[in-house]
Amino acid sequence: MRLVTGLQPVREAIRVHGEKLERVLVEKDGGPQIEAVARFAQGRGAAVELVSRGDLDRASKGARHQGAIAYAPDLALVPLEAIIAELGPTTLVVALDELEDPQNFGAVIRSCVALGASAILWPEHHAAPLSPATFRASAGAVEHATLCRVSALPNALERLRDAGATIIGLDANAEHSLPKVAFEGPVVLVVGAEGKGLRKPVKRACTELANLPMTGVLDSLNASVAAAIAIYEVLRRRNPA
């Protein structure tokens, strides 16, 4: 079972898994918001236990719980083959190249779910774990995401490219800006980690590299912010107002 902490992540775990949750722990006399979470869990068929704040502190293993914890089924990861099989004109996959910060990982997941990206792809090594911190940073969006962990990102990108996807790597030093790139057919956006950017093998696997045009004094953005802007740009171009 998977530990989920925090009001919003727990709400989404309840919404998605309901009676499949092993149990939901809520703080006794925790206030209206926590009582609402308990009622929601009971209404969805989950087992609810009222416990002390100290019990929650111990059960959360240091994660910020806000008075609520859920024990949820492990997240289902889809194989790369499933993503390839579903490639279509509107497919938008977001690939993360060694993004190791759980807060950024969770924030990217949240943007992908909110903006309608098809899947999130990342390598099994040198990547942030699927941890309570990641679930919290996603504000529960991870429960709705299509997740794919691969053994080697460059190989996965090459397979997606061979299957007809355009692989666009975000690179601050790229010759072209993202607004000038054509988004025809399935697209994979590749985002690197802060400070490192995209690795050379990942760049070689890309169809093309593009930067986000910057007009201010700074020349780079947080990885999760860059991912959100890039996703929005693809959607904006595909669905002009």
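Above: the structure in question.
Residues numbered from 1 in each chain as written. Predicted model: local features only at pLDDT ≥ 70, side-chain atom pairs only at ≥ 80, totals over all residues. Heavy atoms only, no water.

> Is there a simple way to think about a nonpolar patch on the surface in this case?
A contiguous nonpolar patch, built from Met214, Leu221, Val225 and Ile229 and spanning about 290 Å² of accessible area, is present on the exposed surface. On the secondary structure map, methionine 214 appears in the loop between β11 (208-211) and α9 (223-238). A relative accessible area of 34% means that methionine 214 is categorised as partly exposed. (Patch = residues over 30% accessible without salt bridge, like charges linked within 9 Å, V, L, I, M, F, W, Y side chains within 5 Å. Areas by Shrake-Rupley, 256 points an atom, 1.4 Å probe, with all protein chains shown as cover. Salt bridge = Lys/Arg side-chain N within 4 Å of Asp/Glu carboxyl O. Helix = DSSP H or I, 4+ residues; strand = E, 2+ residues; numbered from the N terminus. Buried < 20%, exposed > 50% of the residue type's maximum accessible area, 1.4 Å probe, protein only.)

> When you look at the nonpolar core in this model, what are you seeing that I'm missing?
With 51 residues, the main nonpolar core has Val10, Val24, Leu96, Ile120, Ile168, Leu178 and Leu189 as its most contacted residues. The dominant element in this core, judged by the number of residues it contributes, is α9, at six residues. In this structure isoleucine 120 touches Val94, Leu96, Phe105, Ile109, Cys112, Ala145, Thr146, Leu147 and Cys148, once residues within four positions along its chain are discounted. Val93, Val150, Val190 and Ala205 belong to the second largest nonpolar core, which has 21 residues in total. (Core = buried A, V, L, I, M, F, W, Y, C linked by side-chain atoms within 4.5 Å. Contact = heavy atoms within 4.5 Å.)

> Is there a simple way to explain the pairing of strand β6 (residues 119-123) in this structure?
The two faces of a sheet get side chains in turn, since along a regular strand they alternate between them. Counting buried positions along β6 yields five of five residues, so the element is predominantly enclosed. In β6, alternate side chains face the same way, and those of Ala119, Leu121 and Pro123 on one face and Ile120 and Trp122 on the other are all buried. Pairing geometry for strand β5 (residues 92-97) and β6, over three bridges, is parallel. Within β6, the position partnered with valine 93 by the bridge is alanine 119. Handedness of the crossover joining β5 and β6 through helix α5 (residues 102-115) is recorded here as right-handed. Alignment of β6 against strand β7 (residues 147-150), held across four bridges, turns out to be parallel. If you follow isoleucine 120 over to β7, its bridge partner there is leucine 147. (Pairing = 2+ DSSP bridges. Right-handed = clockwise from strand over helix to strand, strands pointing away.)

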